[in-house]
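Secondary and tertiary structure notes
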Amino acid sequence: MIPPHHEKLPHVTKENWRELAAQKKQSVYDAIPKRWLLPKGKYDDLLNVMDVPKDCGILSSKDLEITEIDDVPVLAKKIAQEELSSAEVATAFCKRAAIAHQLTNCLTEILFDRAEKRAKELDEYLAQNGKPMGPLHGVPVSLKDQFDIKGVELNMGYGAYLGRISPANASLVDLLEALGAIIYVRTNIPQTLMIGDAFNHIYGRTVNPRNRKMSPGGSSGGEGALIAMKGSIIGIGTDIGGSVRMPSAFNALFTIRPSTLRVPYGKATNSMLGQESIRSVCGPMCRSVASVDYFMRVVLDACPADYDATAFPFPYNNKLHDKVASYKKLAFGYAKTDGHVHPVTPAIRAMDETIAALKAAGHEVFEFDLARYKRIWDLTCELYDADGGEDIQRILSQVDEPLIGGLILGSESRKKTVYELMQLNREKEAFQQEVLSKWLATVSQTTTGRPMDALLFPTVPSPVRRFDDEMYAGLTGIFNMLDLPACVVPVTFVDPAKDGKASNVEYFGDTDKLIHDQYDPEFAAGMPVTVQVVGRRWQEEALLAVTQKVAESLAK
């Protein structure tokens with residue numbers, strides 16, 4: 001019998017878990033070297049803290065030069081060619097991560113000493129062998145607080161997991177280290193992982209660095225805040241309903257939600273282990289398409305199946321990527337609603353600007369109706385709740401930990417029998433088949449002789465997400481159920497002069513109305529707005545080639 005993750009350690013009790021949680025949170029701050037501490041209270045009233053790392057005086061000019069690099073392949077090349085040492089790169093990112101944490105509360109584990117030791121070993125390896133250990137040699141990689149590191153505590157924001165020391169690395173950690181990466185921090189998440197935020201009762205709340213009265217999104221929200229502040233050049237998140245895409249949307253980042261089984265997830269900690277109707281996947285969060293593509297290339301070429309029994313062994317398909325990249329003309333379908341919510345004005349403007357940019361670049365764009373598949377999101381929620389919330393309740397009940405606000409735990413009335421779950425899975429497959437048929441049928445609408453190359457869709461219905469605002473995940477979650485890979489591309493920022501409240505909206509329902517009521521153009525000024533670019537299942541290489549063309553079209 002495989003033991004459940006929810007077995008707490010004997011010393012953690014219902015009476016003392018909050019005290020232990022406070023001690024754990026304090027230990028993160030205590031791990032920051034005193035010379036990297038910001039002046040107490042100096043930035044307390046500052047809403048936008050994006051420029052603090054440049055202005056605070058803690059980072060040297062070399063530190064700034066290193067951490068301002070946005071492309072992972074550029075940084076990796078500089079280290080491999082000994083323009084930069086692994087040691088100075090690690091120190092620069094550790095310093096900037098420390099600053100980011102003090103301003104946004106984004107970290108859960110600080111491993112600066114471990115990173116320093118690893119960096120020295122990598123520099124010695126390069127000097128002795130005349131070549132890097134691998135394509136990520138010396139590149140610092142941040143991890144969402146799900147990826148186990150042998151000998152390091154991992155509690156995933158649950159009181160019942162306090163003091164839990166990982167007996168082994170997660171599969172992806174082993175793979176990344178074999179490629180030469182330096183693991184130096186882990187980042188904050190919401191309790192249960194099942195909400196687009198980053199708050200739990202151990203580490204507290206992570207805030208958005210562009211407006212600290214807003215959420216950074218989630219559940220990979222700590223990654224979002226850290227990478228936005230350039231305390232990381234690449235972070236690894238996970239996504240079961242939008243958890244790399246939503247924080248990327250709220251922090252102007254690029255990401256990919258890959259199809260299942262492509263990026264190794266084995267031996268990582270998670271909620272709802274054993275739930276396989278909609279599987280969580282790992283994905284990189286970065287500041288450029290080139291970084292996302294580089295991660296996928298090097299990870300897939302390392303044969304993930306050698307590290308994880310559940311991962312595919314297939315390498316990166318260069319032939320497919322290059323074939324799509326060679327197309328002078330692409331065809332895009334687009335949809336602006338899923339039939340549950342109408343995105344607010346800046347989200348629609350981002351869609352319109354993307355469509356216009358693609359047309360100006362010579363591509364063709366036509367409407368692809370997704371509203372007819374309104375049932376997909378309802379089915380997705382039924383699959384999430386199939387256990388009636390039992391898995392999460394078992395964990396919380398160990399110490400009587402309260403559920404965080406905004407989360408609705410599945411009820412006994414929503415619990416499914418095995419047979420009922422089988423029927424839901426049949427319905428899921430029927431939707432996958434129907435959407436595939438509709439996708440392939442678009443060949444009759446294109447002039448390329450191919451079906452549409454990708455689908456454009458809003459990422460989130462609103463760029464505004466105060467801590468207690470409605471968080472609707474249907475715009476991302478439907479692609480988890482369909483298991484279609486999806487990238488996020490930053491497009492613009494909220495401009496109150498262009499993005500006033502919409503009028504005469506015929507709301508689909510209460511959630512739709514609430515999202516529009518909560519949208520405040522003045523409060524949202526300067527917040528990022530993105531689009532999703534969605535591709536065919538297990539064709540991430542084609543999607544990345546298309547996404548690069550979308551980004552290039554927007555940059556013109």
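Our structure is the block above this text.
Fair warning: this is a prediction, and the values are worked out from it, not measured in the lab.

Examining the packing of aromatic side chains
- All told, the structure shown has 10 aromatic pairs when counted by the stated rule.
- Judged by centre distance (5.2 Å) and plane angle (70°), the rings of tyrosine 158 and tyrosine 161 are edge-to-face. The pair formed by tyrosine 158 and tyrosine 161 is uniform in burial state, with each residue classed as buried.
- With a centroid separation of 5.8 Å and 70° between ring planes, the pair formed by tryptophan 377 and tyrosine 472 is classed as edge-to-face.

Section: the pairing of strand E3 (residues 182-187)
- Most of E3 is tucked away: 6 of the 6 residues are buried.
- One ladder, built from 3 bridges, connects strand E1 (residues 107-110) with E3; its direction is antiparallel. The residue bridging leucine 107 from the neighbouring strand is threonine 187, located in E3.
- Alignment of strand E2 (residues 140-144) against E3, held across 4 bridges, turns out to be parallel. Paired with leucine 143 across the bridge in E3 is arginine 186.
- Of the crossover connections in this fold, the one passing from E2 over helix H7 (residues 171-178) to the parallel E3 is right-handed.

Focus on a nonpolar patch on the surface
- Together, Val418, Tyr419 and Met422 line one region of the surface with nonpolar side chains, adding up to about 360 Å² of accessible area.
- Relative to the elements of secondary structure, valine 418 occurs in helix H15 (residues 418-441).

Overview of the packing of helix H10 (residues 289-300) against helix H18 (residues 540-555)
- Interaxial distance between H10 and H18 falls to 10 Å at its minimum, and their mutual angle equals 165°. The pairing of H10 with H18 is recorded here as roughly antiparallel in orientation. In this structure, H10 crosses over H18, and the sense of that crossing is left-handed. Across the interface between the two elements, Val289, Ala290, Val292, Asp293, Met296 and Leu300 from H10 touch Glu540, Glu541, Leu544, Thr547, Gln548 and Ala551 from H18.
- Here the contact of H10 with H18 is built from residues that sort into 7 nonpolar, 2 polar and 3 charged.

As for helix H17 (residues 510-518)
- Within H17, the full set of buried residues consists of Asp512, Ile515, His516 and Gln518. Angular distribution of buried residues about the axis of H17 spans 165°; they occupy a single face of the element.

Section: the sheet that holds strand E7 (residues 254-257)
- Here we have 11 strands laid out as an open sheet, ordered E1-E3-E2-E6-E8-E7-E12-E13-E11-E9-E10, and mixed in their pairing. Looking at strand neighbours, the two that pair on one side only are E1 and strand E10 (364-367), the edges of this open sheet. Pairs of neighbouring strands in the sheet enclose a mean axial angle of 30°, with direction left out of account.
- As paired elements, E2 and strand E6 (residues 234-239) share 2 bridges and run parallel to each other. For serine 142, the partnering residue across the bridge sits in E6 and is glycine 235.
- Here H7 sits on the sheet in contact with E2, E3, E6 and strand E8 (281-286), set at roughly 175° to E2.

Focus: the state of the cysteines
- A full pass over the atoms with the stated rule returns 0 disulfides.
- Distance from the sulfur of cysteine 106, which forms no disulfide, to the nearest cysteine sulfur (cysteine 94) is 13 Å.
- Of the residues examined, cysteine 106 reaches a relative accessible area of 0% and is grouped as buried.
- Not engaged in a disulfide, the cysteine cysteine 487 finds its nearest cysteine sulfur in cysteine 286; these two sulfurs lie 10 Å apart.
- You can call cysteine 487 buried: its relative accessible area is 2%.

As for the pairing of E8
- The buried fraction of E8 is high, at 6 of 6 residues.
- In E8, alternate side chains face the same way, and those of Val281, Gly283 and Met285 on one face and Cys282, Pro284 and Cys286 on the other are all buried.
- Note that E6 and E8 share 6 bridges and pair antiparallel. The partner of isoleucine 234 across the bridge, within E8, is cysteine 286.

Reading the values: the criteria
- Residues numbered from 1 in each chain as written.
- Predicted model: local features only at pLDDT ≥ 70, side-chain atom pairs only at ≥ 80, totals over all residues.
- Heavy atoms only, no water.
- Phe/Tyr/Trp six-rings, centres within 6.5 Å; stacked < 30°, edge-to-face > 60°.
- Buried < 20%, exposed > 50% of the residue type's maximum accessible area, 1.4 Å probe, protein only.
- Helix = DSSP H or I, 4+ residues; strand = E, 2+ residues; numbered from the N terminus.
- Pairing = 2+ DSSP bridges.
- Right-handed = clockwise from strand over helix to strand, strands pointing away.
- Patch = residues over 30% accessible without salt bridge, like charges linked within 9 Å, V, L, I, M, F, W, Y side chains within 5 Å.
- Areas by Shrake-Rupley, 256 points an atom, 1.4 Å probe, with all protein chains shown as cover.
- Salt bridge = Lys/Arg side-chain N within 4 Å of Asp/Glu carboxyl O.
- Axes fitted to C-alpha atoms, helices over the stretch in contact; angles between N-to-C directions.
- Parallel < 35°, antiparallel > 145°, perpendicular 65-115°, else oblique.
- Left-handed = near helix turned anticlockwise from the far one by under 90°.
- Contact = heavy atoms within 4.5 Å.
- Nonpolar A, V, L, I, M, F, W, Y, C, P; charged D, E, K, R; others polar.
- Arc of directions from axis to C-beta.
- Disulfide = S-S within 2.5 Å.

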